[in-house]
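Structural description and commentary
Here is what each chain is made of, one letter per residue.
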Amino acid sequence: VWKIKAEKVNWVRSKIAENEAKSAIFNDLSELSWVLNIRSSDIPFNPFFKGVLIVKIQGGSLYLPADHPSLKSQTLQEYLSKVDIKVKPYEPVFE
């Protein structure tokens, strides 16, 4: 069972506010795993996962490839809802 590291997400949010920014964007695979405390098996022999994380002062989104099985994972949705992060497919990131 995952345990959300809310203090990591809250630390990111404090840095966003401190720098008078609107959001922080993470696309480095190791950073995604660290900030959210999530590991995956979608990349062989690697605990990281493909995605883009956008953290805002309030809310945020984790964008995953459209075929990623975690997009339909209720467990992941509930886990990330604890820090107000929604899981979405990649496509809207690039529109």
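Look above for the structure.
Per-chain numbering applies: the sequence of each chain, read as written, is numbered from 1 onward. The predicted origin of the model limits local features to residues at a pLDDT of at least 70 and limits the giving and counting of side-chain atom pairs to 80 or more, whereas totals for whole chains, interfaces and linings rest on all residues. The basis for the side-chain values is all heavy atoms of the structure; hydrogens and waters are excluded.

The term salt bridge refers to a side-chain nitrogen of Lys or Arg lying within 4 Å of a carboxyl oxygen of Asp or Glu. This model, assessed by the stated rule, comprises one salt bridge. For Lys15, the salt bridge goes to Glu18, with nearest N and O atoms at 3.4 Å. Pair noted here: Lys15 and Glu18 are both in helix α1 (residues 6-18), with a separation of three residues, about one helical turn. For the exposure calls, accessible area comes from a 1.4 Å probe over protein chains only, and a residue counts as buried if that area is under 20% of its type's maximum, exposed if over 50%, partly exposed in between. A relative accessible area of 53% places Glu18 in the exposed class. Comment: elements are numbered from the N terminus, with helices defined as DSSP H or I runs of at least four residues and strands as E runs of at least two.

This part takes up the sheet that holds strand β4 (residues 86-89). Spatially, four strands are ordered β1-β2-β3-β4 in an open sheet, and the strand pairing comes out mixed. The open sheet has two edge strands, β1 (23-26) and β4, and neither has a second partner. Neighbour to neighbour, the strand axes of the sheet diverge by 20° on average, direction disregarded. We treat two strands as partners when DSSP finds at least two bridges between them. Taken together, the four bridges between strand β3 (residues 60-64) and β4 define a ladder with parallel strand orientation. Along β4, the bridge assignment pairs Leu62 with Val87. To get an axis, a line is fitted to the C-alpha atoms, and for a helix only the part in contact is used. The angle between two axes follows their N-to-C directions and goes from 0 to 180 degrees.

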